Amino acid sequence: MPSIWSGLASLQDHLFRQFMFRITKAVRVLVGSTLCTLACALFTFSHAQDPISYNIQGVEDDKLRNNIRLHLNSLDVEKSLLTDPFWQDEVGETVATAVQPYGYYNSETKVSIEEGDKVTVNVALNAPLTINKVTREIIGAGREDKAFRERFNSLKLKAGDVLNQTIYESFKSSMFNYALSNGYFDYFWQATRLDLVRDEKQANVLLIAQSGPQYQFGELKFIGDDKAKAIIERLKPFKTGDAYSSATLADFNRSLNQSGYFTRVIARPVVSEADGLLVPVEVSLLHRPTDAFNVSVGAATDTGPRVRLGWERPWVNSKGHSVSSDIFISAPEQSVTADYRIPMRNITRDYASIEAGYQFIEYSNTSFESETLSLSAHRYWQHDDSPWQHDGSVTYLRETYDQGELSTNTTSLVLPGYSLTYRDKDSELNINNGTYLQMLTQIGREGYGSDIDFAKAVVEATLIRTFNNVHRITIRGEAGVIKTNSFDEVPTSLRFYAGGDKSVRGFDYREISPTAEVIDPKTGELIIDSIGGKYLATSSVEYAYHVADNWRVAAFVDVGTATNDTSTTLTYSVGPGVHWLSPIGPVRLYVARGFAPDENTWQLHILLGPEL
């Protein structure tokens, strides 16, 4: 009879053989699996499958269908495997995951491969879960804030609605952002829960918000030179102690950047440095250079090449006074102007200005020549949220002019005036939609600083509209009238003329107006020349078609006159044109045929720069 020791030895030997067998088998399986995986990977790499296009049936809602398709496209499966029950279950689970956020927790899916390897996924959504109860509560200062309560109660899910988890999750995020934007910096969700009772096809929503206190605007804290402190304080749209609002702070930043005093400026709250509930607002800024210079060039057939040299000193003193000057040079006109600006209540929209200027004009196509000195005081203002800019002014004008006569005339005028301007455009350079309207009136009285009685009113308007990014319509008009007791003494620069690039094309600049016999200063002979009129009326309609990138073709009709007699026959012109939308602004070229009562003319017009 074998001893117990020999039995133990036999058992040990048996266990060892079993252990070695299993190790060997595991190695074979592991090696085989690895080789198979590598082979499959190489095969897949060399024979990439086209993505499966699923035909989804039984779902009418586009948003739901798109979400299903998005989830199915994430499945890494070959089309041939979709007949396998395992992969059909995977498709069903994927569809269920896609539709559950929209309340469908009992969906059923069937996959079939039809002729032509078309994969059809038939989805039965079945009855969705509906909202049984919505429980909401605010804890903290937000409970007494009417706007906060209204925002908190704006959840679109109500009892009886189909459960939509995207609305639920979106509301939680948007409520959190709203709280932070309105000074509830300690806000958090104390409890949020979505209970699903699938057997009863119902869901319950629980939302408990801890608003914390509402923080307030504190004092301004400057980073960098604070010489602009007085200006920035005037631009500030809030007072210390006002409830914090990110929208109000955004308005503050917009005003700072539009003020023209800074190359870089940003205001932000520093919550970590709050004094109680008062949050300081840090203003980080970089002032514009003491002196700024600019040069602009342009050209038009009326004036030829033109150059404008500009200089500006944005900081004259700590109150934000500024001074600027322009020198304008073209063949017929040279001028120098200076402007001293004083900001008022709203720096960007409300200011006073004192302007002085000298201008000399001599047009080669006329015998007109004038030299003008002017000094004016303006008060500009524009109400908040209004596109209308007002300008009340008083101008002293002294003009010495020669219309080809033997004697030189000098007229002095003191002209109180008022203008109202509306300007709106979608681009600074290449405008697709824009509106411009200006109404101007000036009045002078003999014996009150003026040599004659004088009144002038002018209305200008331009409307640009583009349809379907292809069809562009431009409508332009201008009307004016002068009333005086001595028209002969009205400076020629204040009279009305028509003709030219921005008036009635097809005619020279200022060519259309009443005429008279004057002496040509070069030859000394009598000639017929334009002398300006009491009335002005012009209008234009232009159609342009976008034919290629940065190119438009155009056609126009212009009509108008400048006259002393309102019964005068109108002058008109027609012609084609082409627009090149260059990086520095549109270049417009027109060939115009002009029709006047006593002559027909041809003109080529070239304009560079925006229309408004």
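Scroll up for the structure.
Here the structure is a predicted model, which is why all the values come from computation and not from measurement.

## What to know about the sheet that holds strand β1 (residues 54-57)
Moving on, step 1. Taken in spatial order, the three strands make up an open sheet running β1-β3-β2, and their pairing is mixed. One side of each edge strand has no neighbouring strand; the edge strands of this open sheet are β1 and β2 (108-114). For this sheet, the mean angle separating the axes of adjacent strands, direction not counted, is 20°.
Moving on, step 2. Bridging between β2 and strand β3 (residues 118-124) involves seven bridges; their strand directions are antiparallel. Residue pairing in the sheet places Ile113 in a bridge with Val119 of β3.
Moving on, step 3. The strands touched by helix α2 (residues 62-73) within the sheet are β1 and β3, with β1 carrying the most contacts at an inclination of about 145°.
Moving on, step 4. Of the strands in this sheet, β2 and β3 touch helix α3 (residues 85-99), which is tilted by about 130° from β2.

## What about unusual backbone geometry?
Moving on, step 1. Positive phi values are uncommon outside glycine, yet Arg510 reaches one of about 65°.
Moving on, step 2. With respect to the secondary-structure elements, Arg510 resides in the loop between β20 (471-484) and β21 (515-519).
Moving on, step 3. In this structure Arg510 comes out as buried when scored by relative accessible area, which is 11%.
Moving on, step 4. Phi at Asn550 is positive, roughly 70°, even though this residue is not glycine.
Moving on, step 5. Relative to the helices and strands, Asn550 is located in the loop between β23 (535-548) and β24 (551-563).
Moving on, step 6. Among the residues examined, Asn550 registers a relative accessible area of 40% and is labelled partly exposed.

## Looking at the packing of aromatic side chains
Moving on, step 1. Enumeration over the complete set of coordinates arrives at 23 aromatic pairs.
Moving on, step 2. On the basis of an interplanar angle of 80° and a centroid distance of 5.4 Å, the ring pair of Phe86 and Trp87 is categorised as edge-to-face.
Moving on, step 3. Owing to a relative accessible area of 48%, Phe86 belongs among the partly exposed residues under this scheme.
Moving on, step 4. Put simply, the rings of Phe148, Phe152, Phe171, Phe176, Tyr178, Tyr184, Tyr187 and Trp189 touch in pairs and so form one group of aromatic residues.
Moving on, step 5. When the ring centre of Tyr590 is taken as origin, the NZ or CZ atom of Arg505, which lies over that ring, is 4.5 Å away.

## Quick word on the sheet that holds strand β5 (residues 188-197)
Moving on, step 1. Here we have three strands laid out as an open sheet, ordered β4-β6-β5, and mixed in their pairing. Both outer strands of the open sheet, β4 (130-140) and β5, are each paired with one neighbouring strand and no more. Strand-to-strand twist in this sheet, taken as the mean axis angle between neighbours without regard to direction, amounts to 5°.
Moving on, step 2. Where β4 lies against strand β6 (residues 202-212), 10 bridges are found, and the strand directions are parallel. Following the sheet pairing, Lys133 is matched in β6 by Asn204.

## A few points about helix α5 (residues 165-181)
Moving on, step 1. Spanning 17 residues, α5 covers 24 Å between terminal C-alpha atoms, matching the ideal 24 Å at 1.5 Å per step.
Moving on, step 2. Those residues of α5 that sit buried are Tyr168, Phe171, Lys172, Met175, Tyr178 and Ala179. Seen along its axis, α5 keeps its buried residues to an arc of 135°; they face one direction.
Moving on, step 3. Where α5 is buried, its residues touch α4 (146-152), β5 and β6.
Moving on, step 4. Looking one or two residues past α5, Gly183 carries a phi angle of roughly 90°, positive in sign.

What counts, and where the lines are drawn
Residues numbered from 1 in each chain as written. Predicted model: local features only at pLDDT ≥ 70, side-chain atom pairs only at ≥ 80, totals over all residues. Heavy atoms only, no water. Pairing = 2+ DSSP bridges. Helix = DSSP H or I, 4+ residues; strand = E, 2+ residues; numbered from the N terminus. Axes fitted to C-alpha atoms, helices over the stretch in contact; angles between N-to-C directions. Contact = heavy atoms within 4.5 Å. Buried < 20%, exposed > 50% of the residue type's maximum accessible area, 1.4 Å probe, protein only. Phe/Tyr/Trp six-rings, centres within 6.5 Å; stacked < 30°, edge-to-face > 60°. Lys NZ or Arg CZ within 6 Å of the ring centre and 35° of its normal. Expected span 1.5 Å × (residues − 1). Arc of directions from axis to C-beta.

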